[in-house]
Structure formats: C-alpha cells, structure tokens
Amino acid sequence: MTRATRSRPILERATATIDTPVGPVRITVAGGVVAAVDHVQDPPDEAAPKDKLLRKAIRQIEEYFAGERRRFDLPMAPAASPFQQRVRQAVIDIPYGEAASYGGVAHILNSGPRAVGQACGRNDLVLLVPCHRVIGAGGTLGGYGSTSGLERKRRLLAFEGYPGQFSEN
C-alpha cells in the first residue's frame, strides 16, 4: 500500500436511476452527501436502493415532481470553487416557479453573466441546484446541458408554473 492510498479514505458510493417527467435521472451518493444528480439516457433501476441517503434523495425528487416539495433538504457535495458555491447558493435562492437572468445573478454576485453561465454549466446537482431557473436576457432559455437539454429546461420551468414566454436563443 502506498502512502497516497493510505491517506485517502475509501468512500462508499451508491447510485440509482429513476424515471421523472423530464426523463431519467441518476442520483449518486458518496461519503454521506449527494455527490451528483444527472439527466441520463439509462433506464430506471428496478431494485430499490439499500443506501438510506439515496432513498431519501429519491423520495425528495419524487415529492418535487408530485408537487409536494419546492426545496430540497439533502446534504450536497461541496462546490468545486468558492465562486461556484456562491452561484449555487444564489440559484438555490431563486424561488420555485420564478426565474432570474444570468445577468441578474451576476449582478448580485458582482460578477459577469458568462461566469455565472459557466458555473451553472458545471452544476453536478440538477434539480437540487435548480439552474433551470436561470435564463438568458430578453427571455431566452440560455443553456442547459446539451441541445436537448433546452427542451428539458423549458419543461421544468413549465412544470413549476413559470409564466414567462421564451424567445429563440
């Protein structure tokens, strides 16, 4: 065993893929936190997960899509940088059913819209950190993962009852 191996704890990791109204979502937990929530193309898992935190995350996401939850109460992996942590908190603070522009979030953080967009693009915790609520200037959707992600973003905003109309990007 090398010194580097001894100094790194082995983290228990568990994943589950669930079906949602906007497509399958894979949830990963490790080290007592939700490490990732990603949109995927995989089919949902058939077996119920054994990990307690993973079951809690699934339950909260199901409650969100049932209209019973507007905010998540789960321990999340830390953001990669202090700036990304600030963006994460600003995005979490956008109320359910509302949206803020990249420029508006940037103004709050004394930053630029492009930096906010890049931080949102690095969001490993979709739904939990609702970057779908951040839109472009003039009502454009901005970005959300891949090209097909824009339709998912539109559907998430519609699901939450966001009243805005979107212009083409």
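See the structure printed just above.
Just so you know, these numbers come straight off a predicted model, no measurement behind them.

A.B. asks: Hey, could you run me through the sheet that holds strand S1 (residues 13–18) in this one?
C.D. replies: In sheet architecture, strand pairing relies on hydrogen bonds along the backbone and comes in two forms, parallel and antiparallel. The strand order across the open sheet built from three strands is S1-S2-S3, with neighbouring strands paired in antiparallel fashion. Looking at strand neighbours, the two that pair on one side only are S1 and strand S3 (33–39), the edges of this open sheet. When strand polarity is set aside, the average angle formed by the axes of neighbouring strands in this sheet is 15°. With six bridges joining them, strand S2 (residues 25–30) and S3 adopt antiparallel strand pairing. Residue Arg26 lies in a different strand from S3, and its bridge partner there is Asp38.

A.B. asks: What is the right way to look at helix H4 (residues 102–109) in this model?
C.D. replies: Working note: α-helix, 3.6 residues per turn, so residues spaced by three or four point in the same direction. If you check which residues of H4 are buried, you get Tyr102, Val105, Ala106 and Leu109. What you see down the axis of H4 is that its buried residues fit within an arc of 100°, all on one side. Counted as exposed and oriented over 90 degrees from the buried face of H4: His107 and Ile108. Asn110, located one to two residues past H4, shows a positive phi value of around 55°.

Rules behind the numbers
Residues numbered from 1 in each chain as written. Predicted model: local features only at pLDDT ≥ 70, side-chain atom pairs only at ≥ 80, totals over all residues. Heavy atoms only, no water. Pairing = 2+ DSSP bridges. Helix = DSSP H or I, 4+ residues; strand = E, 2+ residues; numbered from the N terminus. Axes fitted to C-alpha atoms, helices over the stretch in contact; angles between N-to-C directions. Buried < 20%, exposed > 50% of the residue type's maximum accessible area, 1.4 Å probe, protein only. Arc of directions from axis to C-beta.

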